[in-house]
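# Structure assessment
The lines below spell out each chain.
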Amino acid sequence: MQKRRLMIIAAISLAIVYLSSGCNELTQSEIKFLETREVDLPYDEAYQAAINGLFSLGYTIEHSDKESGVVSGRRNKKAAKMSVTFLLILPLPTVGEGSNEEAITFLITRQEPDVSLLRMKVVINGKPVANRELMTEIWQRIEREAMLETRPREQNEKGKSE
């Protein structure tokens with residue numbers, strides 16, 4: 001009975017280690033899709049949407065160079081941290097609190113007069129990563145900021161033409 005219990009604990013511990021080890025690798029095409037977006041915005045508006053998007057998610061803008069199209073932001077985020085501690089020969093999963101330092105850099109380029117290309121790089125705790133959840137959150141916020149950025153301009157142009 002005790003041997004069976006030890007086997008179950010060992011199996012659960014191995015499953016936790018396996019699931020928390022990031023076995024979900026992305027292909028190159030998936031990474032490129034996550035990193036790059038073409039937006040139907042003039043360069044200035046795309047640049048401003050990237051800055052506003054990062055800022056609204058709590059990033060501190062550390063570098064911004066409009067001429068070269070580079071925007072960098074950083075934030076520290078508390079995160080639950082899963083680890084496995086070995087007590088004698090029994091693995092014990094433990095949950096603690098850690099901190100993630102996230103750095104995001106955008107390269108924004110003009111494709112056409114009303115089309116811009118944004119490319120994002122993510123570094124978490126000093127390691128470049130392709131974090132699908134984080135990158136999707138950032139893209140959604142930038143798209144929202146882009147809609148907010150363009151709406152007043154379109155309304156002003158309508159108001160002037162009437």
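Cut-offs applied
- Residues numbered from 1 in each chain as written.
- Predicted model: local features only at pLDDT ≥ 70, side-chain atom pairs only at ≥ 80, totals over all residues.
- Heavy atoms only, no water.
- Helix = DSSP H or I, 4+ residues; strand = E, 2+ residues; numbered from the N terminus.
- Buried < 20%, exposed > 50% of the residue type's maximum accessible area, 1.4 Å probe, protein only.
- Contact = heavy atoms within 4.5 Å.
- Pairing = 2+ DSSP bridges.
- Phe/Tyr/Trp six-rings, centres within 6.5 Å; stacked < 30°, edge-to-face > 60°.
- Lys NZ or Arg CZ within 6 Å of the ring centre and 35° of its normal.
- Core = buried A, V, L, I, M, F, W, Y, C linked by side-chain atoms within 4.5 Å.
- Arc of directions from axis to C-beta.
- Salt bridge = Lys/Arg side-chain N within 4 Å of Asp/Glu carboxyl O.
- pLDDT = per-residue confidence, 0-100.

### Examining the overall build of the protein chain
- A count of helices and strands for the protein chain gives four helices and six strands.
- When its helices and strands are written in sequence order, the protein chain yields α-α-β-α-β-β-β-β-β-α.
- A total of 162 residues make up the protein chain; the buried ones form 29% of that total.
- Restricting the contact set of the protein chain to residue pairs at least 6 apart, pairs at least 24 apart contribute 57%.

### Remarks on the pairing of strand β5 (residues 115–124)
- By the bridge criterion, four bridges tie strand β1 (residues 36–39) to β5 in an arrangement that is antiparallel. Counted as the bridge partner of Glu 38 is Leu 117 from β5.
- Across three bridges, the pairing between β5 and strand β6 (residues 127–129) is antiparallel. Following the sheet pairing, Val 122 is matched in β6 by Val 129.
- The turn linking β5 back onto β6 is made up of two residues, and Asn 125 within it adopts a positive phi angle of 50°.

### Remarks on the packing of aromatic side chains
- Scanning all chains against the criterion turns up two aromatic pairs.
- When the ring of Phe 106 is compared with that of Trp 139, the centres are 5.6 Å apart and the planes differ by 75°; the resulting orientation is edge-to-face. A residue pair is termed long-range when its members are at least 10 positions apart, and Phe 106 in strand β4 (residues 90–112) and Trp 139 in helix α4 (residues 132–161) qualify at 33 residues.
- The exposure class assigned to Phe 106 is buried, which follows from its relative accessible area of 0%.
- Take Trp 139: its relative accessible area is 3%, and that puts it in the buried class.
- Between the NZ or CZ atom of Arg 37 and the centre of the ring of Phe 33, over which it lies, the distance is 4.6 Å.

### What about the nonpolar core?
- With 28 residues, the main nonpolar core has Ile 104, Phe 106, Ile 108, Leu 118, Met 120, Ile 138 and Ile 142 as its most contacted residues.
- Among the elements that line this core, the one with the most residues is helix α3 (residues 43–56), at seven residues.
- Discounting residues that sit within four places of it in the chain, Met 120 has contacts with Leu 34, Glu 35, Ile 104, Thr 105, Phe 106, Met 135, Ile 138 and Trp 139.

### Some points on helix α2 (residues 28–35)
- Turning to α2, its buried residues are Ile 31, Leu 34 and Glu 35. Down the axis of α2, the buried set is contained in an arc of 95°. They therefore lie on one face. Residues Ser 29, Lys 32 and Phe 33 are exposed on α2 and point more than 90 degrees away from its buried face.

### So, the pattern of salt bridges
- Across all of its chains, the model carries six salt bridges by this definition.
- Notably, a salt bridge pairs Glu 35 with Arg 119, separated by 3.1 Å at the nearest N-O pair. Within this pair, whereas Glu 35 is found in helix α2, its partner Arg 119 is found in strand β5, the two being separated by 84 residues in sequence.
- For Arg 119, a relative accessible area of 38% translates into the label partly exposed.
- Three or more residues are tied together by salt bridges with common partners; here these are Glu 35, Arg 119 and Lys 121.

### Concerning unusual backbone geometry
- Its identity is not glycine, yet Asn 125 carries a phi of approximately 50°, on the positive side.
- Tracing the backbone through its elements, the reader meets Asn 125 in the loop between β5 and β6.
- We classify Asn 125 as partly exposed; its relative accessible area is 43%.

### With respect to the confidence of the model for the protein chain
- Averaged over every residue, the pLDDT of the protein chain is 79; residues scoring 70 or more account for 64%.
- Confidence over residues 17–21 falls short of pLDDT 50; this stretch has three contacts with residues more than four positions distant or in other chains.

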